[in-house]
Amino acid sequence: MPRGIVPRQPARTGRQDKIRGTRPLSPAKLNQKSANRTNRAGVAGKAAAGREKKTGKVAKPAKRYNPTAPERVTEILKRLNDLYPDVTCALTHASAWELLVATILSAQSTDVNVNRVTPELFRKYPTVQAFAGLTPEQLEPDVRSTGFFRNKSKSVVGAAKKIVAAFGGQVPDDIDKLLTLPGVARKTANVVLGTWFKKAEGVVVDTHVHRISRRLELTKENEPQKIEQDLIKIIPRDRWILFSHQVIWHGRKLCFARKPNCLECPLENVCHAGDKTWSTVETHKEAKA
Ligand code: SF4
């Protein structure tokens, strides 16, 4: 053997280089390792138990965020009350029939726009019978500026004919009967029942209620009927009518579809909407209009 080259010797410790840790563990050592792991998990629990023993206080389990918890919903309702104490429907009307017509015309339009049209409309056709005597084509020019005027004319004239023929010329105060009228779905029926007859049969879900209920995480749904069902479950019945009016006003004043004015909104610190424009709390990306 040439000088300087020494054959590799076993380590003095008895262990060979680079194979430390790869040696299979004996069954006894394996058992020990798993016991250690279990012990570590139990240490935290034991420490908490120790603390409870010392202080006499039982640690509460961490609460999970529940957006529809009664206390949160109550807080939202309270703030809406403070903000809009006595709001009502913004559509100008003097009878259940006028409110029904105005609500049909308000679809895809603004209340301001409808209020521009209805005074002259009701002067020209003062009774439900007067509307029932028209053809949809005759009504079209009068409601043209509210948009979708062909469909709206058909609905108004159809509803008038049905009310005269089936309900003695009186708008029924019953949701099932209202829903038989042409052009009347739950939103319109709830507006008439809540605002005119003061009957809480449901919650009005228009575009504002739809958007804001989602932002406030009162619902995850997207269809008006399902949203209404969610709201009915968490809002006390005696608040159904006012809640809709308040949320509709909130949508007009602050919680706009695009760029809500979160900086000025008194609900800001209970709102986690993902599309807020300003926030002091964490936002939830799925909570949006
Ligand atoms: S904080 Fe913003 S998004 Fe939330 S309710 Fe108010 S205006 Fe709407």
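Here is a short report on the structure shown in this document. (Residues numbered from 1 in each chain as written. Predicted model: local features only at pLDDT ≥ 70, side-chain atom pairs only at ≥ 80, totals over all residues. Heavy atoms only, no water.)

### Overview of the overall build of the protein
Then step 1. Looking only at helices and strands, one finds twelve helices and zero strands in the protein.
Then step 2. Along the chain direction, N to C, the helices and strands of the protein fall in the order α-α-α-α-α-α-α-α-α-α-α-α.
Then step 3. For the protein, the residues scored as buried account for 39% of the 289 residues in total.
Then step 4. Relative to all contacts within the protein whose residues are 6 or more apart in sequence, the contacts with residues 24 or more apart total 56%.
Then step 5. When the accessible area of the protein is evaluated, it comes to approximately 18,200 Å², of which 54% is carbon and sulfur surface. (Helix = DSSP H or I, 4+ residues; strand = E, 2+ residues; numbered from the N terminus. Buried < 20%, exposed > 50% of the residue type's maximum accessible area, 1.4 Å probe, protein only. Contact = heavy atoms within 4.5 Å. Areas by Shrake-Rupley, 256 points an atom, 1.4 Å probe, with all protein chains shown as cover.)

### Thoughts on the site of the ligand
Then step 1. In the neighbourhood of the ligand, the contacting residues comprise Arg 215, His 250, Cys 255, Pro 260, Cys 262, Cys 265, Glu 268, Cys 271 and Lys 276.
Then step 2. Here the shell around the ligand is built from residues that sort into five nonpolar, one polar and three charged. (Near = heavy atom within 4 Å. Nonpolar A, V, L, I, M, F, W, Y, C, P; charged D, E, K, R; others polar.)

### Points about the nonpolar core
Then step 1. Counting residues in each nonpolar core, the largest one holds 63 residues, and the members touching the most others are Trp 97, Leu 121, Phe 131, Leu 139, Leu 231 and Phe 243.
Then step 2. The greatest single-element share of this core, amounting to eight residues, is contributed by helix H3 (residues 96-105).
Then step 3. Ignoring anything within four residues of it in the chain, the contact list for Leu 139 reads Leu 121, Tyr 125, Phe 131, Leu 134, Ser 153, Val 156 and Val 157. (Core = buried A, V, L, I, M, F, W, Y, C linked by side-chain atoms within 4.5 Å.)

### Quick look at the packing of helix H6 (residues 136-143) against helix H7 (residues 149-166)
Geometry of a packed helix pair, given as the angle between the helix axes and the separation of the axes.
Then step 1. Across the interface, H6 lies against H7 with an axial gap of 8 Å and an inter-helix angle of 120 degrees. By the angle class used here, H6 and H7 are oblique. Crossing of H6 against H7: the hand is right-handed. Within the contact between the two elements, H6 uses Pro 136, Leu 139, Glu 140 and Val 143 and H7 uses Phe 149, Arg 150, Ser 153, Lys 154, Val 156 and Val 157.
Then step 2. Looking at the contact of H6 with H7 residue by residue, the classes come out as six nonpolar, one polar and three charged. (Axes fitted to C-alpha atoms, helices over the stretch in contact; angles between N-to-C directions. Parallel < 35°, antiparallel > 145°, perpendicular 65-115°, else oblique. Left-handed = near helix turned anticlockwise from the far one by under 90°.)

### Quick word on helix H11 (residues 224-234)
Then step 1. Of the residues making up H11, those classed as buried are Ile 227, Glu 228, Asp 230 and Leu 231. Down the axis, H11 shows its buried residues gathered within 165 degrees of arc, on one side only. Opposite the packed face of H11, turned more than 90 degrees from it, sit the exposed residues Gln 225 and Lys 233.
Then step 2. Contacts made by the buried residues of H11 are with helix H9 (186-196), helix H10 (207-215) and helix H12 (240-253). (Arc of directions from axis to C-beta.)

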